[in-house]
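Structure assessment
Letter by letter, the chains look like this.
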Amino acid sequence: MWINLYTLIYDFFFPEEQETPIYAMAAALSLRAPPPALASAIALRTFSTTLLSTPLKPLFASSSRALRSTPFPPFLSLLPSRRLAVRACADGGNGASFSRQFDFDLFTIGAGSGGVRASRFAATYGAKVAICELPFSTISSENAGGVGGTCVLRGCVPKKLFVYASQYSHDFEESHGFGWAYESEPKHDWSTLIANKNAELQRLTGIYKNILQNAGVTLIEGRGKIVDPHTVEVDGKLYTARHILISVGGRPNLPEIPGIEYAIDSDAALDLPSKPEKIAIVGGGYIALEFAGIFNGLKSEVHVFIRQKKVLRGFDEEIRDFVSEQMSLRGIEFHVEETPQALVKSTDGLLSLRTNKGTIDGFSHIMFATGRRPNTKNLGLENVGVDLAENGAILVDEYSQTSVDSIWAVGDVTDRLNLTPVALMEGGAFAKTVFLNEPTKPNFTAVPSAVFCQPPIGQVGLTEEQAIQEYGDVDIYTTNFRPLKATLSGLPDRVFMKLIVCANTNKVLGAHMCGDDAPEIIQGIGIAIKAGLTKWDFDSTVGIHPTSSEEFVTMRNPTRKIRKDSASVVEMSGDKIKSAG
Ligand SMILES: Cc1cc2nc3c(=O)[nH]c(=O)nc-3n(C[C@H](O)[C@H](O)[C@H](O)COP(=O)(O)OP(=O)(O)OC[C@H]3O[C@@H](n4cnc5c(N)ncnc54)[C@H](O)[C@@H]3O)c2cc1C
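Figured I'd write up the structure that's included with this text. Remember, it's a predicted structure, so these values are computed and weren't measured experimentally.

What to know about the overall build of the protein chain
Helix and strand counts for the protein chain come out as 18 helices and 23 strands. Relative to its 581 residues, the protein chain shows a buried fraction of 51%. By element, 55% of the accessible surface of the protein chain is carried by carbon and sulfur atoms, the whole surface being about 25400 Å².

Structure (structure tokens):
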């Protein structure tokens, strides 16, 4: 009955529409090309829950802005219509796009983590979707990229493969204390690593293309540029769409100093023809530290240059100190408060780095890991008036909608929290909001993250400094111990862990760890923190023995109590230094 009423009213208001994207209904009733089984199942579920179970749900609420700008008579907002809701959202605030025909319901620019997720989900919800992406290359440029994006081709995945490669040297070193002896030092073959990594990237980009194809998304190879709020140009050809999603990510940002043309960035560092003998890495962020660990493990001489006193700005202060100490013990040389001013190439091909403190010679490579810039240049955004931040990032509301109602943006190009799982979350939330009529905001609280340096870091929730600012009264639990493995390896490896607890509610506000397996451990702790568990919950959990992670449930006494009123820090003896050795 609801369907008939809905169709009658819709057709009364929009008789001219021939092919209407009734997203969920179309898929369920096979009005389009037969959708995959999953799409049918989801569409059917959506159809039944939205149209039948909640007939009075105000379905115009596709986004906050759409809700404000709906051009329909108010009574229509009570109708159980996905079709109307999608229209309201697509309208751009003036009703003009309601009567237009478009080539696609969604046109996505950039097939990285966020773009692929959003496009796939939108297509699964029944939308007609196209996505454009630059031709494949291991090194990105204005004209090269590849399906899969940064994470798959030039970020998380190849980087982690390199981390694995580099960890063996530490394992070999540890193994002697456990009775292993080698006739000669194991040798590493750089070209094997590069060839195997590149074969894996080819496999992965193929998988991503299949994912899009299986979801029914049209893939167009080429550079996308926005022409107007509903039109994208790809290499001279125009495509119209009710919605445009920008998910073009970012690219490395190098300073303009003399000799910068001799520097490499993280793209190039993952695809070098030969292993660096001596490398300078400029930058103190997570990418710089990860590459420092990689090249150190692969036996390059590594120097890290940072402008500030400490690495990893924004991380917990104790973690910042601990990680640089541990990395120094593994042979990495840190040059703090040293700002590069020029690069010079000598006749023997080696490079020198001139800084505010002097010149260091003899580098085979100088890598800059000095941040990334959103890819918004030459995208045609000025044609349509999409608002940008000073650094070029696209400004969006809580639903990822830009200042132009038909244009949305997700992922690194919005410079919110530049991580792959966050881009996925934003892409998924966008698709739900626009094509499933479930207004969904990405939730940025308690997002766990890792730094795959050596030893690695895992963190979730607030740092001590943030917790004090937000809550005032906090109890800090820390432990710093020699892990069991180090007792026989004889290496100076240690582990640091920290819990930050709200003194008034007992809620655990943050967890931080630097030591072996920290990213794997923190993913689990992240669930507890996201769920708002208390220190009592941690204390009542039985540990797994013998592990490092059991320390997270056995830190009984606070290391210090910080109280806002008395402006005091009470240092406790607690189990601040706990050694298994
Ligand atoms: C070295 C490195 C290591 C990283 N490690 C991690 C990690 O361990 N964990 C983690 O969570 N995150 C990591 N990241 C971050 C992660 O890669 C990004 O957050 C994620 O890829 C962002 O996804 P996105 O969809 O926003 O953009 P991207 O994945 O960058 O995708 C954007 C796509 O758009 C394409 N494109 C650009 N302009 C156009 C155009 N005009 N037309 C068509 N296509 C275009 C690009 O070619 C690219 O494929 C790392 C990043 C780097 C650089």
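Let's talk about a nonpolar patch on the surface
On the surface, Phe178, Trp180, Tyr182 and Leu488 cluster together into a nonpolar patch covering about 450 Å² of accessible area. With a relative accessible area of 57%, Trp180 lands in the exposed category.

A closer look at the packing of helix H8 (residues 156–175) against helix H9 (residues 190–214)
The interhelical angle for the contact between H8 and H9, taken along N-to-C directions, is 150 degrees, at an axis separation of 11 Å. Crossing of H8 against H9: the hand is right-handed. Together, Val157, Pro158, Leu161, Phe162 and Ala165 of H8 and Trp190, Leu193, Ile194, Lys197, Glu200, Leu201 and Leu204 of H9 make up the contact between the two elements. Considering only residue class, the contact of H8 with H9 consists of ten nonpolar, no polar and two charged.

Points about the sheet that holds strand E8 (residues 278–282)
The sheet built from four strands is open, its strands ordered E10-E9-E8-E14 with parallel pairing. Each edge of the sheet is formed by a strand with only one pairing partner; in this case those strands are strand E10 (333–335) and strand E14 (365–368). For this sheet, the mean angle separating the axes of adjacent strands, direction not counted, is 20 degrees. Inspection of the sheet shows E8 paired to E14 by four bridges, in the parallel sense.

Notes on the site of the ligand
Around the ligand, the surrounding shell holds 37 residues, and the nearest of these are Gly114, Glu133, Thr150, Lys159 and Asp412. In this structure, Thr150 approaches the ligand through a side-chain N or O atom, which is 2.5 Å from an oxygen atom. Burial of the ligand by the surrounding chains reaches 95%, relative to a free accessible area of 1000 Å². At the level of secondary structure, the elements contributing two or more residues to the shell around the ligand comprise helix H6 (113–124), strand E2 (129–133), helix H7 (149–154), H8, helix H11 (286–297) and helix H14 (420–435). Counting residues per element, the shell around the ligand draws most heavily on H7, at four residues. Here the residues of the shell around the ligand are counted per class, giving 13 nonpolar, 18 polar and six charged.

Analysis parameters
- Residues numbered from 1 in each chain as written.
- Predicted model: local features only at pLDDT ≥ 70, side-chain atom pairs only at ≥ 80, totals over all residues.
- Heavy atoms only, no water.
- Helix = DSSP H or I, 4+ residues; strand = E, 2+ residues; numbered from the N terminus.
- Buried < 20%, exposed > 50% of the residue type's maximum accessible area, 1.4 Å probe, protein only.
- Areas by Shrake-Rupley, 256 points an atom, 1.4 Å probe, with all protein chains shown as cover.
- Patch = residues over 30% accessible without salt bridge, like charges linked within 9 Å, V, L, I, M, F, W, Y side chains within 5 Å.
- Salt bridge = Lys/Arg side-chain N within 4 Å of Asp/Glu carboxyl O.
- Axes fitted to C-alpha atoms, helices over the stretch in contact; angles between N-to-C directions.
- Left-handed = near helix turned anticlockwise from the far one by under 90°.
- Contact = heavy atoms within 4.5 Å.
- Nonpolar A, V, L, I, M, F, W, Y, C, P; charged D, E, K, R; others polar.
- Pairing = 2+ DSSP bridges.
- Near = heavy atom within 4 Å.
- Polar contact = N/O pair within 3.5 Å; in protein donor to acceptor, adjacent residues only side chain to side chain.

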